[in-house]
Amino acid sequence: MVFKKMLSAFGVGGPSVDTVLTNPNTRPGLTLDGQVNLVGGDAEAAIEQVVIGLVTRVEVEGHDTEYAGIMEFHRMAVSGALQLAPKQELSIPFQLPVPWETPITDVYGQRLHGMTMGLRTELAIARAVDKSDLDQVAVHPLPVHERILEAFQRLGFRFKHADLERGHIRGVQQTLPFYQEIEFFASPQYASTINEVELTFVTSQRGVEVILECDKRGGFLSAGHDAFGRYQVAHTDADRVDWAQVVDGWLRETTSRYGSLRSQYGPSHGYGPGHGRGHGRGGMGVGGVVAGAALGVAGGMIAGEMMEDAFEGDFGDFGGDE
């Protein structure tokens, strides 16, 4: 028995954990339901707690460096301390609320290229190696998100890439330590003025704040620059307006603003020629100030490698680089 306990301390013959989701598909503001299944090992184990958490890949910029790490951004304990007998089987049901700001990973049943999302289960074992499990999760858009994304497609924009940037958008109420950027190549009708557009949704129970960053083309005597727009939308507006017309109006208003806003805020606030990608959220009061939880913990990076393996594949028309 002493030898078995010693092996268990090194993770040999210890308890196992397997989380089963009732449905891996969800939307911001809804829930993920499932159960955590535990099976005892060769010896009795003292479980300190069982925790589940949503994890995703986040881009981090600073001091002329850029890297990606896996961040857990929402967690919940599903069980406190318990004793697990040898070979004992135990199922713990759970219902995890999905934060309203959770980024979108899938559109029209296809994974957005650049997005990863998983539910990680941690089994904390006293005086032994902790165990974990990772399950893929798909977060689909809410109706108002869907209508706006459809509008970009109707206007001829082509999806390029999506990622998460660590930081906060100045002037916007955020609960998560990152924001999502959904990037589009400009359609022919906008190509004379715009190279690309980055779309950000900051969602709450009340509605959605829509932030646009347009990469404007330079002219014969002027350099290119970024222009920003910020708009409030209610969830109830999803089926009340012509979204292609609304988005077209946003784009035209955003790209026509630059002259007056530049004189007000100046290049030091993210405006001016040569402004680089990822730093523009400082302009027009929507800048990004790095904040949030630490990245790169050992468990997180291991989960990140597992996520990369699990999420590789063909993502169809709404995924993949041009």
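None of the values given here were measured: they were computed from a predicted structure.

A.B. asks: Sorry if this is basic, but what is going on with helix α3 (residues 243–256) here?
C.D. replies: The periodicity of an α-helix, 3.6 residues per turn, causes residues three or four places apart in sequence to face the same way. The first and last C-alpha atoms of α3 sit 20 Å apart over 14 residues, in line with the 20 Å expected at 1.5 Å per residue. Restricting attention to buried positions, one finds in α3 the residues Trp243, Ala244, Val247, Asp248, Trp250, Leu251, Thr254 and Thr255. When α3 is viewed along its axis, its buried side chains cluster within an angular range of 160 degrees and face the same direction. Residues of α3 that are exposed and angled more than 90 degrees away from the buried face: Gln245 and Ser256. The backbone nitrogen of Ala244 has a side-chain oxygen 3.2 Å away, supplied by the residue at the start of α3, namely Asp242.

A.B. asks: Can you walk me through the nonpolar core in this structure?
C.D. replies: Burial of nonpolar side chains together is a common tendency in soluble globular proteins. In this structure, Ile148, Phe152 and Leu199 are the most contacted members of the largest nonpolar core, which totals 62 residues. If you tally residues by element for this core, the top one is strand β4 (residues 45–62), at six residues. Non-local contacts of Leu199, meaning those with residues more than four positions away in its chain, are made with Ile148, Leu149, Phe152, Gln180, Glu181, Ile182, Phe184, Val210, Ile211 and Leu212. One finds Ile169, Val172, Val202 and Ile211 within the second-largest nonpolar core, a separate group that totals five residues.

A.B. asks: In this structure, what is going on with the packing of aromatic side chains? I would like to understand it.
C.D. replies: The geometry of an aromatic ring pair is captured by the separation of the ring centres together with the interplanar angle, meaning the angle of the planes. Applying the stated rule across the entire model yields eight aromatic pairs. Geometrically, the ring pair formed by Phe73 and Phe178 is edge-to-face, given 5.3 Å between the ring centres and 90 degrees between the ring planes. Taken as a pair, Phe73 in strand β5 (residues 65–79) and Phe178 in strand β15 (residues 178–185) lie far apart in primary sequence, 105 residues in all. Since its relative accessible area comes to 4%, Phe178 is described here as buried. Measuring from ring centre to ring centre gives 6.3 Å for Phe159 and Phe184, while their planes differ by 80 degrees; the resulting arrangement is edge-to-face. With a gap of 25 residues between them, Phe159 in strand β13 (residues 158–166) and Phe184 in strand β15 connect regions that are remote in the sequence. Since its relative accessible area comes to 5%, Phe159 is described here as buried. You can call Phe184 buried: its relative accessible area is 0%. Of the aromatic side chains, those joined through ring pairs into one cluster are Phe152, Phe157, Phe159, Phe184 and Tyr190.

A.B. asks: So what exactly am I meant to see when it comes to the pairing of strand β10 (residues 117–125) here?
C.D. replies: Every other side chain in a regular strand lies on the same face of the sheet, so the side chains alternate between the two faces. With eight of nine residues buried, β10 is to be regarded as a mostly interior element. Alignment of β4 against β10, held across nine bridges, turns out to be antiparallel. Each bridged residue has a counterpart across the sheet, and for Gln49 the counterpart in β10 is Ala124. Strand direction decides the pairing type here: β10 and strand β11 (residues 131–136), joined by six bridges, are antiparallel. Counterpart to Leu123 in the pairing with β11 is Lys131. If you look at the hairpin formed by β10 and β11, you'll find five residues sitting between the two strands, and Arg127 has a positive phi there, around 55 degrees.

A.B. asks: Whenever I open this one, the packing of helix α2 (residues 143–154) against α3 confuses me. Can you help?
C.D. replies: If you want to describe how two helices pack, look at the angle between their axes and the distance between the axes. Contact pair α2 / α3: the axes reach a minimum separation of 8 Å and the direction vectors enclose 75 degrees. Put simply, α2 runs roughly perpendicular to α3. Across the interface between the two elements, Val144, Arg147, Ile148, Ala151, Phe152 and Arg154 of α2 pack against Trp243, Ala244, Val247, Trp250 and Leu251 of α3.

A.B. asks: For this particular structure, what's the right way to read empty space enclosed by the protein?
C.D. replies: To find the voids left in a structure, one rolls a probe of water-molecule size over its atoms. For the structure on display, the rule yields one cavity of 30 Å³ or more. Taken as a whole, the largest cavity holds about 120 Å³ of empty space. Lining of the largest cavity is provided by 14 residues; of these, Glu101, Thr102, Pro103, Phe201 and Val202 occupy positions nearest its centre. Of all the elements in the fold, those that place two or more residues in the lining of the largest cavity are β15 and β16 (194–203). Its residues placed into classes, the lining of the largest cavity shows eight nonpolar, five polar and one charged.

What counts, and where the lines are drawn
- Residues numbered from 1 in each chain as written.
- Predicted model: local features only at pLDDT ≥ 70, side-chain atom pairs only at ≥ 80, totals over all residues.
- Heavy atoms only, no water.
- Helix = DSSP H or I, 4+ residues; strand = E, 2+ residues; numbered from the N terminus.
- Expected span 1.5 Å × (residues − 1).
- Buried < 20%, exposed > 50% of the residue type's maximum accessible area, 1.4 Å probe, protein only.
- Arc of directions from axis to C-beta.
- Polar contact = N/O pair within 3.5 Å; in protein donor to acceptor, adjacent residues only side chain to side chain.
- Core = buried A, V, L, I, M, F, W, Y, C linked by side-chain atoms within 4.5 Å.
- Contact = heavy atoms within 4.5 Å.
- Phe/Tyr/Trp six-rings, centres within 6.5 Å; stacked < 30°, edge-to-face > 60°.
- Pairing = 2+ DSSP bridges.
- Axes fitted to C-alpha atoms, helices over the stretch in contact; angles between N-to-C directions.
- Parallel < 35°, antiparallel > 145°, perpendicular 65-115°, else oblique.
- 1 Å grid on protein atoms, 1.4 Å probe; cavity = no way out; pocket = protein on both sides within 12 Å on 5 of 7 lines; lining within 4 Å.
- Points joined across faces, edges and corners; volume = space filled by probe spheres on them.
- Nonpolar A, V, L, I, M, F, W, Y, C, P; charged D, E, K, R; others polar.

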